[in-house]
Amino acid sequence: GVGLALCQRLLSEDGRIHLCIACRNAEKSEATRDLILATYPAAQVSTVDVDLGNLASVLRAARELRCRFQRLDFIYLNAGIMPNPHVNFKALWHGLLTGKVLHMLTTAEGIMTQTDRLNGDGLQEVFATNLFGHFILVRQLESLLCGNEKPSRLIWTSSSNARESAFSLSDYQHAKGQESYSSSKYATDLTSVVLNRKFNKQGLYSSVVCPGLVMSNMTYRILPIFLWKLLMPIMWLIRFFAKTYTLTPYNGAEAHVWLFKQKPEYLDALVKYHSCTSGLGRSYVETRKIDVDEDTAEKFYQKLLELEQQALERYSDLLD
């Protein structure tokens, strides 16, 4: 998906970087490394095992990274899940009749739901994997990210599906709703905004990107494969009207790569960077203001810190 395309594109930009791939599946991780080295045989590529939905795994990975590296220049926070997705075809048909179908197709608003569950840590699985695991990882790696000679960067993969209407401070893990993916991505936006406020003076900058609609393993789970094959000609046509239909992982990584080349001091902390593709296949980046309330962001950040304290008390044996 976007992660592999991003790795390949980063090495094409600068072959001197040391690339560390973080995956929950060791076999796939090594296969990905071999695939990258087949194209870039001189590249420095290592791996680390981490399941972002498992706090013990996150803490072990952070400890390993602290042992291996003295600093980290970039962390691309790209892991995400969308379990048991369901398409509301009735709502889609209604959108077609009311002229809202293009908006629905580009944001999934009103047509996509998920069935979430608790993970082994007692957290909602989507919240844990898409946001909280990343948050804990970043917090555990602060010593490698802050106070360096050059700024360090966090780049979160958010979504155009990140909507305030799906998020609630009183249910920030989204235990009671059916839009856990949208809620987790809105929570990502909130977190990035606060991290900039807290850490910019220490040389750490955070940005959020949207890769657009990419045909990846996550997307293919929404509908049967044969249906996607039937729909692909229509999707290529829709791209003439919906620039966020990037479709390929290479195009979806456009904003991630663009940010790699920017000076973070000049970026707007309240902007989301969208990968876009024209109808003729030209990739480019578009900026859009993040729809967040900064007071809500601060309150949510405090809730994350409280949850973090509980987690660290539970896994104190994995801390240095």
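Overview of the structure. Since we're looking at a predicted model, the values are computed, not measured. (Residues numbered from 1 in each chain as written. Predicted model: local features only at pLDDT ≥ 70, side-chain atom pairs only at ≥ 80, totals over all residues. Heavy atoms only, no water.)

Remarks on the sheet that holds strand 9 (residues 283-289)
Okay, so step 1: What the 5 strands build is an open sheet, ordered 3-6-7-8-9; its pairing is mixed. If you trace the sheet from one side to the other, it starts and ends with strand 3 (74-77) and strand 9, each paired once. Ignoring which end each strand starts from, the neighbouring axes of this sheet average 25 degrees apart.
Okay, so step 2: Here strand 6 (residues 152-157) pairs with strand 7 (residues 204-210) via 6 bridges, running parallel. The residue bridging Arg 153 from the neighbouring strand is Tyr 205, located in strand 7.
Okay, so step 3: In the packing of helix 6 (residues 125-140) onto the sheet, contacts are made with strand 3 and strand 6, and the angle to strand 6 comes to roughly 175 degrees.
Okay, so step 4: The strands that helix 8 (residues 180-199) touches are strand 6, strand 7 and strand 8 (271-277); relative to strand 7, the one it contacts most, it runs at about 160 degrees. (Pairing = 2+ DSSP bridges. Helix = DSSP H or I, 4+ residues; strand = E, 2+ residues; numbered from the N terminus. Axes fitted to C-alpha atoms, helices over the stretch in contact; angles between N-to-C directions. Contact = heavy atoms within 4.5 Å.)

Thoughts on the packing of aromatic side chains
Okay, so step 1: Under the defined criterion, the tally for this structure stands at 10 aromatic pairs.
Okay, so step 2: Relative to Phe 132, the ring of Phe 127 has its centre 5.7 Å away and its plane inclined at 15 degrees; by these criteria the two rings are stacked. Assigned by exposure class, Phe 127 and Phe 132 land together as buried.
Okay, so step 3: Both rings, one in Phe 127 and one in Tyr 172, keep their centres 5.6 Å apart while their planes meet at 65 degrees; by these two values the pair is edge-to-face. Of this pair, Phe 127 sits in helix 6 while Tyr 172 sits in the loop between strand 6 and helix 8; the two residues are 45 residues apart in sequence, bridging distant segments of the chain. The pair formed by Phe 127 and Tyr 172 is uniform in burial state, with each residue classed as buried. (Phe/Tyr/Trp six-rings, centres within 6.5 Å; stacked < 30°, edge-to-face > 60°. Buried < 20%, exposed > 50% of the residue type's maximum accessible area, 1.4 Å probe, protein only.)

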